[in-house]
Amino acid sequence: MPTLAAVDIGSNSVRLKIARLKGRRLETLHEDREVTRLGDPVFRGGIVSPEVMAETVKVLRRFHRAVQQAGTDFVRVVGTSALRDARNSRAFLEWVRSTTGWTVEIISGVEEARLIHLGIVSSSPRVAAADVLMVDLGGGSCELTLSNKAHIRDTVSLPLGAVRLTNEFLLHDPPRKAELRRLRGFVEREIGRIVSRIVRTKPKIVIATSGTAASLAAVAHGLFKTKGSRAASVSQAQMARIAKMLARLPLEQRRKLSGIGPRRAEIVVAGAIVYAELLHRCQLQGFRYSPLGLRDGLLAQMSAEYDRSTRSGKQLQSERWDSIRNAVERYRVDLQHALQVRESAMDLFDQMKSVHRLPPEYEEWLSAAAMLYEVGDYVNRSGRHRHTYYIISNSEILGYTPQQRRVIAAVARYLGKSRPVPSETPLKNVPPEERENVRKACMLLRLARALNLGRGGAVRSAKVRVRNGEVKLALTARLRANVDLELWAVEKERAYFRELFGRELSAELV
């Protein structure tokens, strides 16, 4: 069973979690966390300072040693809000790569929310069956996700991180009334973007993650003697009282409160105001704290890609399919035709395994490309294949990493007269070891489209026969259907097929 590691480079702290996949469950082996305030200089001046860079890289070197000692098989390292905003994030990424060998992936706020959702839903069956609002308030941003029976219905990333807001609005200790008034006004404006959607949904459960939520739950537990031995939940009324109390206390007194660490005390006022306003404006009874977070979502994603039979594997498949169907609808793709091309592509992938020898993950990437290859028509029929590549590689198609989206986009790009060549951007943007696989997958998609060129479902089935260096497609037509157009389209692919696979391709009606 593989050992997995997730590193979350946040705006306030850097976190590591190492786990082993045992059966279909993740068993935690090691956790570590350090506050480095990467977002502090970013939200003040737009760049990560050399001093903060050095401190963060030092922590990451410690994490790297722990990962090596654990014999980790797969590692994923992501950066969030501060690195999204920093003008010099590339320099930081290069420093991390040269020191640890890790490639840091800067993820969007929407992807951050999706991963947190995946981590929570994969671990909590009760949550997966309910209408849920998930709130992750970090140092630089606040991710809000509405989930219905484990399906993401809406998600938004707001610039309401505790470090960002503290730097922007709270310049005195304790904050002055004018500062608090401006802060609340800004928070109200941002929360207003999603208020109507939350109120309309009426989530039965509100789950808050990350350090600020943990501190606020601990304060509520200490002040109001909430049930249980551990801090777990905060009501709307309690949150309002806590936010007012914290705003009046100087830093030294905030540090003495149970559950608030010395560094968290510096930014907890802003975080408390966000939670108080969110609960009030959205008519929510309160929130429940969960220790799960982004790193748990990263581990769930890695385990899902390793073994699809896990709960996280099934959840990931569901999220990907939901996102693809949403993209099909958004870009006005002919759904029936897309499903027909996808079915043909999956059939060819299965029957031609001895010919293409593609890695198993390409089955899913080919499926996605088949569903999305016509999205470029939404922009313009002229240059539609280039538009398709741009849309797929740059859109938030949830469940796929940016690298996976680039592979899918490259497969879907070359369905016109041009063919994938190493000198062009689509192949340049995928790793060298994947370029030949992309070309093969593209050939399968070209054939799948050829079998559905008339868009009327004329071909009922296509049986593949591989003999003596030849690949024959035996086509069965539907009753009174003409497949001349499909036979002609397959014929046009013979030369490229021979170039890729070193075999002769032919098609006939049986």
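You'll find the structure just up there.
Residues numbered from 1 in each chain as written. Predicted model: local features only at pLDDT ≥ 70, side-chain atom pairs only at ≥ 80, totals over all residues. Heavy atoms only, no water.

## A closer look at the packing of helix H16 (residues 335–351) against helix H22 (residues 435–450)
Right, so step 1: Running from N to C, H16 and H22 point in directions that differ by 130 degrees, and their axes come no closer than 8 Å. Here H16 lies oblique to H22, going by the angle between them. Here the hand of the crossing between H16 and H22 comes out right-handed. On H22, the residues that touch Val341, Ser344, Ala345, Leu348 and Phe349 of H16 are Leu444, Leu445, Leu447, Ala448 and Arg449.
Right, so step 2: Classifying every residue of the contact of H16 with H22 by side-chain character gives eight nonpolar, one polar and one charged. (Axes fitted to C-alpha atoms, helices over the stretch in contact; angles between N-to-C directions. Helix = DSSP H or I, 4+ residues; strand = E, 2+ residues; numbered from the N terminus. Parallel < 35°, antiparallel > 145°, perpendicular 65-115°, else oblique. Left-handed = near helix turned anticlockwise from the far one by under 90°. Contact = heavy atoms within 4.5 Å. Nonpolar A, V, L, I, M, F, W, Y, C, P; charged D, E, K, R; others polar.)

## Here we look at empty space enclosed by the protein
Right, so step 1: Applying the stated criterion to the full structure yields one cavity of 30 Å³ or more.
Right, so step 2: What the largest cavity holds in volume is close to 30 Å³.
Right, so step 3: In this structure, the largest cavity is lined by Ala113, Ile116, His117, Met134, Val135, Asp136, Glu143 and Thr145.
Right, so step 4: Taken together, the residues that form the lining of the largest cavity break down as four nonpolar, two polar and two charged. (1 Å grid on protein atoms, 1.4 Å probe; cavity = no way out; pocket = protein on both sides within 12 Å on 5 of 7 lines; lining within 4 Å. Points joined across faces, edges and corners; volume = space filled by probe spheres on them.)

## Notes on helix H24 (residues 494–501)
Right, so step 1: Those residues of H24 that sit buried are Tyr496, Phe497, Leu500 and Phe501. Buried residues of H24 fall within an arc of 110 degrees about the axis and therefore sit on the same side.
Right, so step 2: Check the buried side of H24 and you find it contacts helix H17 (353–356), H22, strand E13 (470–477) and strand E14 (504–509).
Right, so step 3: Of the residues flanking the end of H24, it is Gly502, one or two places downstream, whose phi is positive at about 65 degrees. (Buried < 20%, exposed > 50% of the residue type's maximum accessible area, 1.4 Å probe, protein only. Arc of directions from axis to C-beta.)

## Digging into the nonpolar core
Right, so step 1: Judged by nonpolar contacts, the single largest core of 77 residues is most densely connected at Ile9, Met239 and Phe287.
Right, so step 2: The element best represented in this core is helix H13 (residues 268–281), accounting for 10 residues.
Right, so step 3: Residues in contact with Ile9, not counting those within four places in the same chain, are Val14, Leu38, Thr56, Leu60, Val77, Val78, Gly79, Thr80, Leu83, Phe92 and Val104. (Core = buried A, V, L, I, M, F, W, Y, C linked by side-chain atoms within 4.5 Å.)

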